[in-house]
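Coordinate inspection notes
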Amino acid sequence: MLDYNGTTALVTGAASGIGRALAVALSERGALVICADRNLQGAEETAMIIGNSAQAIECDLATSGAAEKLIEQSFALSGRLDLVCSNAGIGYNGSVFDEDMNDDADLSRLFEINFFAGIKIAQAYRHQLKRHDQRGRLMVTASENSLSVPEAVKRAKMAFYGATKHALLVAFEWMRLDSKSEPIDLHVLLPGAMYTPLIAKSLPDPAMAPPELELISAQQCAQIALKGLDNELFYIPTQAHLLDDMQTRSDAIKHAMAILQIDKTY
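A brief look at the structure comes next. If you're wondering where the values come from, they're calculated on a predicted model, not measured in any experiment.

Looking at the overall build of the protein chain
- Within the protein chain one finds eight helices and nine strands.
- The C-alpha radius of gyration of the protein chain comes to 19 Å, within 12% of the 18 Å expected for a compact globule of 266 residues.
- When its C-alpha atoms are laid out on the principal axes, the protein chain stretches across 60 × 50 × 40 Å.
- A burial count over the protein chain gives 47% of its 266 residues as buried.
- A sequence separation of at least 24 residues applies to 68% of the contacts in the protein chain between residues at least 6 apart.
- Just so you have it, the protein chain exposes about 14000 Å², and 53% of that area is on carbon and sulfur atoms.

Thoughts on helix α3 (residues 66-78)
- A rise of 1.5 Å per residue sets the reference length of α3, with its 13 residues, at 18 Å; its end C-alpha atoms lie 19 Å apart and thus fit the reference within 8%.
- Regarding α3, the residues found buried are A66, A67, L70, I71, S74 and F75. Viewed along the axis of α3, the buried residues span an arc of 165°, placing them on a single side of the element. When the buried face of α3 is taken as reference, the exposed residues oriented beyond 90 degrees from it are K69 and A76.
- Buried residues in α3 make contact with β1 (8-12), β2 (32-37), β3 (55-58), β4 (83-86) and α4 (105-131).
- Immediately beyond the C-terminal end of α3, within one or two residues, lies G79, with a positive phi of roughly 80°.

Here's the deal with unusual backbone geometry
- Residues other than glycine seldom take positive phi values, yet E214 does so here, at roughly 50°.
- Counting through the fold element by element, E214 comes out in the loop between α6 (197-200) and β8 (216-217).
- The partly exposed category is assigned to E214, whose relative accessible area is 31%.
- Even without being glycine, E232 reaches a positive phi, approximately 60°.
- Residue E232 is classed as partly exposed on the basis of its relative accessible area of 45%.

Digging into the pairing of β3
- Across four bridges, β2 lies against β3 in parallel orientation. Within β3, the residue paired with D37 across the bridge is E58.
- You can see the chain leave β2, run along helix α2 (residues 40-50) and come back into β3, and the turn it takes is right-handed.

Quick look at the nonpolar core
- Ranked by internal contacts, the top residues of the largest apolar core, which has 35 residues, are L61, I71, Y125, L138 and F172.
- Contributing elements (two or more residues each) for this core: β2, α3, α4, β5 (136-141), α5 (159-178) and β6 (184-190).
- Among the elements that make up this core, the one with the highest residue count is α4 (eight residues).
- Excluding anything up to four places from it in sequence, F172 contacts G118, I119, A122, L138, V140, L186, V188 and F234.

Quick look at the pairing of β1
- Of all five residues making up β1, five are buried, and the element is well covered by its neighbours.
- A two-sided burial pattern is seen for β1, the buried positions comprising T8, L10 and T12 on one face and A9 and V11 on the other.
- Across five bridges, β1 lies against β2 in parallel orientation. In the sheet register, L10 faces β2, and the bridge partner there is I34.

Examining the pattern of salt bridges
- Scanning the entire structure with this criterion turns up eleven salt bridges.
- Close ionic contact of E112 with K120 constitutes a salt bridge, the shortest N to O distance being 2.6 Å.
- Using a relative accessible area of 18% as the deciding quantity, one classes E112 as buried.
- Residues R135 and D185 are paired through a salt bridge, measuring 2.9 Å at the closest nitrogen-oxygen approach. Note that R135 is positioned in the loop between α4 and β5 and D185 in strand β6, a separation of 50 residues in sequence.

Quick word on the packing of helix α1 (residues 17-28) against α2
- The contact between α1 and α2 brings their axes to 10 Å, and the two run at 25°. Considering their axes alone, α1 and α2 lie roughly parallel with respect to each other. Crossing handedness for the pair α1 and α2: right-handed. Mapping the contact onto sequence places R20, A23, V24 and S27 in α1 and G42, E45, T46, I49 and I50 in α2.
- In the contact of α1 with α2, the residues fall into four nonpolar, three polar and two charged.

Reading the values: the criteria
- Residues numbered from 1 in each chain as written.
- Predicted model: local features only at pLDDT ≥ 70, side-chain atom pairs only at ≥ 80, totals over all residues.
- Heavy atoms only, no water.
- Helix = DSSP H or I, 4+ residues; strand = E, 2+ residues; numbered from the N terminus.
- Rg over C-alpha atoms; globule rule 2.2 N^0.38 Å.
- Buried < 20%, exposed > 50% of the residue type's maximum accessible area, 1.4 Å probe, protein only.
- Contact = heavy atoms within 4.5 Å.
- Areas by Shrake-Rupley, 256 points an atom, 1.4 Å probe, with all protein chains shown as cover.
- Expected span 1.5 Å × (residues − 1).
- Arc of directions from axis to C-beta.
- Pairing = 2+ DSSP bridges.
- Right-handed = clockwise from strand over helix to strand, strands pointing away.
- Core = buried A, V, L, I, M, F, W, Y, C linked by side-chain atoms within 4.5 Å.
- Salt bridge = Lys/Arg side-chain N within 4 Å of Asp/Glu carboxyl O.
- Axes fitted to C-alpha atoms, helices over the stretch in contact; angles between N-to-C directions.
- Parallel < 35°, antiparallel > 145°, perpendicular 65-115°, else oblique.
- Left-handed = near helix turned anticlockwise from the far one by under 90°.
- Nonpolar A, V, L, I, M, F, W, Y, C, P; charged D, E, K, R; others polar.

Structure follows, in structure tokens:
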């Protein structure tokens, strides 16, 4: 089990949901937590819930230079940054056929926050770790949508959201190959459905959730995430159905290979 006593952790998207749950859980494990969010009031509320000298920073990761500035500010607060939870994310629903790709500010913001922010944070964090001669740990929050089209949400028109989360996972899989000689350990949290403000908008009562969602709380997700970090896992899934949902793609590829007469004999 990792010892967080005397460490500093930064959590983005800390105003609510998974971010708030991660911030609280890390503080309970002994970390000094920096709570970052574009919703400063929410971040301050999280810091107040935590106590223990927790700090709140206002940060909109869709703005130019925000990731770099946030990492610099975080190092400046305590002189070290042992863990970054790049958790900030936004939802988006829309059909690929219906979206105007030439003029959609919401779509641009979706990719900026859900994908590019994680990359920019990784780059800025690596730079500052080298500058301070420290080693750190970065966990990004991807999604069950990184792995497949989940059976339970097929009607939700989440193509673009899924694309951002899939891109984030693939980028970090490649980054992992490059990180072996770098001062940074990488982890990807893969949450399935959980009761956060995003879901609460369409599901006021979590008890009414269909069982195939395997709906869990943000607090449960945070505990799974920390257990994944404790065990040095790169992939940190939160629900069993993630594997089942991936099987559809695997079966389809096997079927195609059989028809095309492709095997492992070259």
